[in-house]
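Architecture and fold: a report
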Amino acid sequence: MMYTADMLKAFAPYRKDAIVVPGRGGRHWINQSQRQDLDAPVGDPAMGGHAGFGFGLALAQPDRQVVLFDSEGDLLMSLGILTTIAELAPANFYHFLLDNECYATTGGQPVPNAKNVAYETIARGCGYPRSFAFSELDGFAAALPDIMNNPGPVFVALKVFPEIENEPIGKRRRWNTRGRDQVVGDLRKTLDTIGRGEVMKTAATAGS
Amino acid sequence: MNDATPPANVLSPETVLHHIKKAGVSHVVWLPDSETNWLYMLMRAEPSIRLVGVSREGHAASIAAGIFVGGGRPLILIQNTGMMESGDSIRGWLHGLNIPVVLMVGYRGWTRHGVISDTAATYTERFLNAFDLNYYLVENDKDADRIAVAFDEAARAKRPVVVLVGDEYHGFNR
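Quick summary incoming for the structure in this document. (Residues numbered from 1 in each chain as written. Chains lettered and ligands numbered in written order. Predicted model: local features only at pLDDT ≥ 70, side-chain atom pairs only at ≥ 80, totals over all residues. Heavy atoms only, no water.)

Side note on the overall build of chain B
Across its full length, chain B holds eight helices and six strands. In chain B, the succession of α and β elements from N to C terminus is α-β-α-β-α-β-α-α-β-α-α-β-α-β. Among the 174 residues that make up chain B, the fraction classed as buried is 60%. Taking the intrachain contacts of chain B between residues at least 6 apart in sequence as the baseline, contacts between residues at least 24 apart amount to 76%. (Helix = DSSP H or I, 4+ residues; strand = E, 2+ residues; numbered from the N terminus. Buried < 20%, exposed > 50% of the residue type's maximum accessible area, 1.4 Å probe, protein only. Contact = heavy atoms within 4.5 Å.)

Set out below in structure tokens:
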């Protein structure tokens, strides 16, 4: 297994100007990121949706790499999303999975069949053209150039040590210095997408 | 009337597609129900629209959120059964991120006479009210301007708005 913080430190040099959705790695990514305006630490709006969010970003920003740090608990809630991603196959989508074999934020209870799920096999079976699995940092670090310098979609399952939280949510340290609205606003400003999707040319606005 | 002529007093798929295009929709995130095939064929032939098929309706909310933040203009096209399944995703990804998206929702079980035997319809408007989703009922082509109203409201209020399609897509079944 590897520590999430070490894994993100190894990844950071390959980020360039990619959008990063750090998911449950957000508390560590904030210490590595040099482009927080391109980060989307949206927290946990609804569990199971990070893959869809990152995928949607990749569809709308085809000329920019989108990197998602998903988690196995999230993905297990929405495994079918892998077929949707593989069908549209955005070449700019890099799907990493942090597999700590448990629900760390609720006390460390194991996910179903925690130690026996081959997520990279599931991704490939759903149609991802490239998938990898790493349990040690050295192997992952060595493969990063190949992973990031070739087209996606690619799926990379990573075994990470659980960082179990048992404090009541209200007592946990808040690592994100920006609220969700600011995160989305900063990203849209950097992507120059403010105004898009909002100005309509419909019958109602045209008065016809 | 030949087979290609839509019957009177229905919501034709051509009308729906007209409004989708007029609103500038870039991506339709959808899961078909049994009666949307004709609309699917029209959308598939429309070069300005990219279809994003999902295997469960709950996936549609976060996908649409990502598309919007990335600069696209998504539309969600699902059935009421799937909308109810999507409750937490609608709460978190659409309301939570203030996503101005229209959900076109097939109103399975809807009848105009008030006697409803399909519980999918029984709970639809109760669900919409519980999740604070404003909605417009569209039953035929004469109502179709409400689709534009929904797009405008979503954009102005920066929130999801629902169009309930109460025709059960009869026009899509030709």
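A closer look at the sheet that holds strand β1 (residues 19-21) of chain A
Residues and elements named next belong to chain A. Reading across from one edge, β1-β2-β3-β7-β6 is the order of the five strands in this open sheet, with parallel pairing throughout. Strands at the two margins of the open sheet, each flanked by one partner only, are β1 and β6 (130-134). The average undirected angle you get between the axes of adjacent strands in this sheet is 15°. (Pairing = 2+ DSSP bridges. Axes fitted to C-alpha atoms, helices over the stretch in contact; angles between N-to-C directions.)

Comments concerning empty space enclosed by the protein
Scanning the entire structure with this criterion turns up two cavities of 30 Å³ or more. Taken together, Pro22, Gly26, Trp29, Ile30, Gln36, Asp39, Pro41, Trp175, Asn176 and Arg178 of chain A make up the lining of the largest cavity. Each residue belonging to the lining of the largest cavity can be placed in one class, and the counts come to five nonpolar, three polar and two charged. Taken as a whole, the second largest cavity spans an internal volume of roughly 30 Å³. Lining the second largest cavity we find Glu57, Ala60, Ala61, Ile76, Ile78, Ser86, Ile90 and Leu103 of chain B. When residues of the lining of the second largest cavity are traced back to their parent elements, those giving at least two are α3 (58-69) and β3 (74-79) of chain B. For the lining of the second largest cavity, a count of residues per class yields six nonpolar, one polar and one charged. (1 Å grid on protein atoms, 1.4 Å probe; cavity = no way out; pocket = protein on both sides within 12 Å on 5 of 7 lines; lining within 4 Å. Points joined across faces, edges and corners; volume = space filled by probe spheres on them. Nonpolar A, V, L, I, M, F, W, Y, C, P; charged D, E, K, R; others polar.)

As for the nonpolar core
Phe53 and Phe155 of chain A together with Leu103 of chain B are the most contacted members of the largest nonpolar core, which has 65 residues in total. The greatest single-element share of this core, amounting to eight residues, is contributed by α3 of chain B. In this view, phenylalanine 155 of chain A contacts Leu75, Leu82, His95, Leu97, Tyr119, Glu120, Ala123, Tyr128, Arg130, Ser131 and Phe132 of chain A; residues no more than four positions away in its chain are not counted. Listed in part, the 25 residues of the second largest apolar core include Leu11, Val16, Ile20 and Leu75 of chain B. (Core = buried A, V, L, I, M, F, W, Y, C linked by side-chain atoms within 4.5 Å.)

Looking at the packing of aromatic side chains
All told, the structure shown has 14 aromatic pairs over all chains when counted by the stated rule. Residues phenylalanine 11 of chain A and phenylalanine 69 of chain A carry aromatic rings whose centres are separated by 5.3 Å and whose planes lie at 80° to one another, so their mutual orientation is edge-to-face. Linking phenylalanine 11 of chain A in helix α1 (residues 4-11) with phenylalanine 69 of chain A in strand β2 (residues 66-71), this pair joins segments that are 58 residues apart in sequence. Of the two residues, phenylalanine 11 of chain A and phenylalanine 69 of chain A, neither departs from the other in class, the shared state being buried. Between tyrosine 107 of chain B and tryptophan 110 of chain B the ring centres are 5.0 Å apart and the planes differ by 25°, which places this aromatic pair in the stacked class. For the pair shown, tyrosine 107 of chain B and tryptophan 110 of chain B are each scored as buried. Taken together through their ring pairs, the aromatic side chains of Phe11, Trp29, Phe69, Phe96, Phe132, Phe134 and Phe140 of chain A make up a single cluster. (Phe/Tyr/Trp six-rings, centres within 6.5 Å; stacked < 30°, edge-to-face > 60°.)

Limitation: the analysis is restricted to geometry and does not speak to function.
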